[in-house]
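Chain by chain, the residues:
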Amino acid sequence: MYPIHTENAPAAIGPYSQAIVAGNLVFTSGQIPIDPASGTITAEGIRAQTEQVCKNLAAVLEAAGTSLQKAIKTTCFLQDMADFAAFNEVYASYFTEKPARSCVAVRTLPKNALVEIEVIAEK
């Protein structure tokens, strides 16, 4: 078991790793739409924020030697379930293999993000 870190995704904002590899599985921490270059959320609206989250996840998974196409399970958190349809449109363009998924609405996300996604992927 070992941690993953890449400069191509936002640094952890707490005491955790971007991802952990255990055997042939990669477990990402939840990614919010932080732009890794600025360290802040610059994307506005659910579509742009979902796009940034997916790019962040792709970078973490690439650093672990895998990809979004090998995702087995995602857990998605939305600040507002009214964003579900728009979120799905962007999500579907990245998670083309249609992994198992849970999607729930939450009251608040870190840095007041609109979306957070975590992934379990095969290596």
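Check the entry above for the structure.
Residues numbered from 1 in each chain as written. Predicted model: local features only at pLDDT ≥ 70, side-chain atom pairs only at ≥ 80, totals over all residues. Heavy atoms only, no water.

(A) Expanded view of the packing of aromatic side chains. Scanning the model with the defined rule gives 2 aromatic pairs in all. Ring centres of Phe87 and Tyr91 lie 5.5 Å apart, and the angle between their planes is 40°; on these two criteria the pair is classed as tilted. Here Phe87 and its partner Tyr91 are both found in helix 2 (residues 84-94), 4 residues apart, which amounts to about one turn of the helix. Taking the centre distance of 4.5 Å and the plane angle of 20° together, the rings of Tyr91 and Phe95 count as stacked. Considered together, Tyr91 and Phe95 belong to a single accessibility category, that of buried residues. Taken together, Phe87, Tyr91 and Phe95 form an aromatic cluster joined through their ring pairs. We note Arg101 situated over the ring of Tyr91; from NZ or CZ to the ring centre the distance is 4.7 Å. (Phe/Tyr/Trp six-rings, centres within 6.5 Å; stacked < 30°, edge-to-face > 60°. Helix = DSSP H or I, 4+ residues; strand = E, 2+ residues; numbered from the N terminus. Buried < 20%, exposed > 50% of the residue type's maximum accessible area, 1.4 Å probe, protein only. Lys NZ or Arg CZ within 6 Å of the ring centre and 35° of its normal.)

(B) Structural view of the environment of Gly14. Residue position: Gly14 is located in the loop between strand 1 (2-4) and strand 2 (19-22). Gly14 gets classed as partly exposed once you look at its relative accessible area, which sits at 30%. For the pair Gly14 and Leu68, spaced 54 residues apart in sequence, the C-alpha separation works out to 24 Å.

(C) Up close: helix 1 (residues 45-63). For helix 1, built from 19 residues, the straight-helix expectation of 27 Å at 1.5 Å per residue is met to within 8% by its first-to-last C-alpha distance of 27 Å. When we look at burial in helix 1, the residues that qualify are Ile46, Gln49, Thr50, Gln52, Val53, Cys54, Asn56, Leu57, Ala59, Val60 and Leu61. A positive phi of about 85° marks Gly65, the residue just after helix 1. (Expected span 1.5 Å × (residues − 1).)

(D) View of unusual backbone geometry. For Lys98, which is not glycine, the phi dihedral falls at a positive 55°. Positionally, Lys98 belongs in the loop between helix 2 and strand 7 (100-105). Lys98 sits in the exposed class, given a relative accessible area of 72%. Unusually for a residue other than glycine, Lys111 sits at a positive phi of about 55°. Structurally, Lys111 is set in the loop between strand 7 and strand 8 (115-122). Overall, the relative accessible area of 52% leaves Lys111 in the exposed class.

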